[in-house]
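Chain and residue survey
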Amino acid sequence: MSSDYDRIRTGIEFMTAYVSGNDLLAAYVGERRREDPRAAEALMDGASALCALLLRKMARETGKTEQEILQELARGTHRHEQQSGD
C-alpha cells in the first residue's frame, strides 16, 4: 500500500492533468496505463485521497462538518446544472 504522501501526490498529478485540458489528461492517463495496467485504480485512489485531504482542510477552516460541505457542493452543482439547462 502506498503512503498517504504518495497517494496524494498521485492525486495532485492527476488533477493537474485534468485542469490542463483533455489532451494532456489523455496523454497522462495513457502513459500511466503503459507503466501499470492497474493505473486507473491508482489514479482513482489518489484523487480520492486528495479530495479527502481538501475536504478535511475546508472543514477545519470553516468550522463546518465534512457532510455539510459535501451537501453544499451537491446543492451548488445542482443549481449550476439547472441554470445551464435554461
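Residues numbered from 1 in each chain as written. Predicted model: local features only at pLDDT ≥ 70, side-chain atom pairs only at ≥ 80, totals over all residues. Heavy atoms only, no water.

Regarding the environment of Arg75
Put simply, the rule reads: Numbering of helices and strands runs from the N terminus, with a helix taken as a DSSP run of H or I at least four residues long and a strand as a DSSP run of E at least two residues long.
By secondary structure assignment, the location of Arg75 is in helix H4 (residues 66-85). Distance from Arg75 to Asp4, taken between C-alpha atoms, is 30 Å for residues 71 residues apart in sequence.

Describing the environment of Glu66
Note the following rule: Note on contacts: a residue pair qualifies if any of its non-hydrogen atoms lie within 4.5 Å across the two residues.
Tracing the chain through its elements places Glu66 in helix H4. Between the C-alpha atoms of Glu66 and Gly21, which are 45 residues apart in sequence, the distance is 29 Å. Residue contacts for Glu66: discarding those within four places in its chain leaves Leu55, Arg56 and Ala59.

What about the nonpolar core?
The criterion, for reference: Side-chain atoms within 4.5 Å are what join buried Ala, Val, Leu, Ile, Met, Phe, Trp, Tyr and Cys residues into a set we call a nonpolar core. Burial classes follow relative accessibility: with a 1.4 Å probe on protein chains only, a residue under 20% of its type's maximum area counts as buried, one over 50% as exposed, and anything between as partly exposed.
Listed in full, the seven residues of the largest apolar core are Phe14, Ala17, Leu25, Tyr28, Val29, Leu43 and Ala47. When residues of this core are traced back to their parent elements, those giving at least two are helix H1 (4-19), helix H2 (22-35) and helix H3 (39-62).

Some points on the pattern of salt bridges
Basically, it comes down to this: A pair is scored as a salt bridge if a Lys or Arg side-chain nitrogen falls within 4 Å of a carboxyl oxygen belonging to Asp or Glu.
For the structure on display, the rule yields nine salt bridges. Among the ionic pairs, Arg32 bridges to Glu35, the shortest N-O distance being 4.0 Å. Taken together, the residues Arg32 and Glu35, both in helix H2 and three residues apart, mark about one turn of the helix. Overlapping salt bridges, with partners in common, bring together Asp6, Arg9, Glu13, Arg32 and Glu35 in one network.

Structural notes on the confidence of the model for the protein chain
Worth spelling out the cut-off: The predictor reports its confidence for every residue as pLDDT, a score running from 0 up to 100.
The pLDDT averaged across the protein chain works out to 92; a share of 98% of its residues lies at or above 70. Predicted confidence in the protein chain is weakest over H4, with a mean pLDDT of 88, and strongest over H3, with 96.

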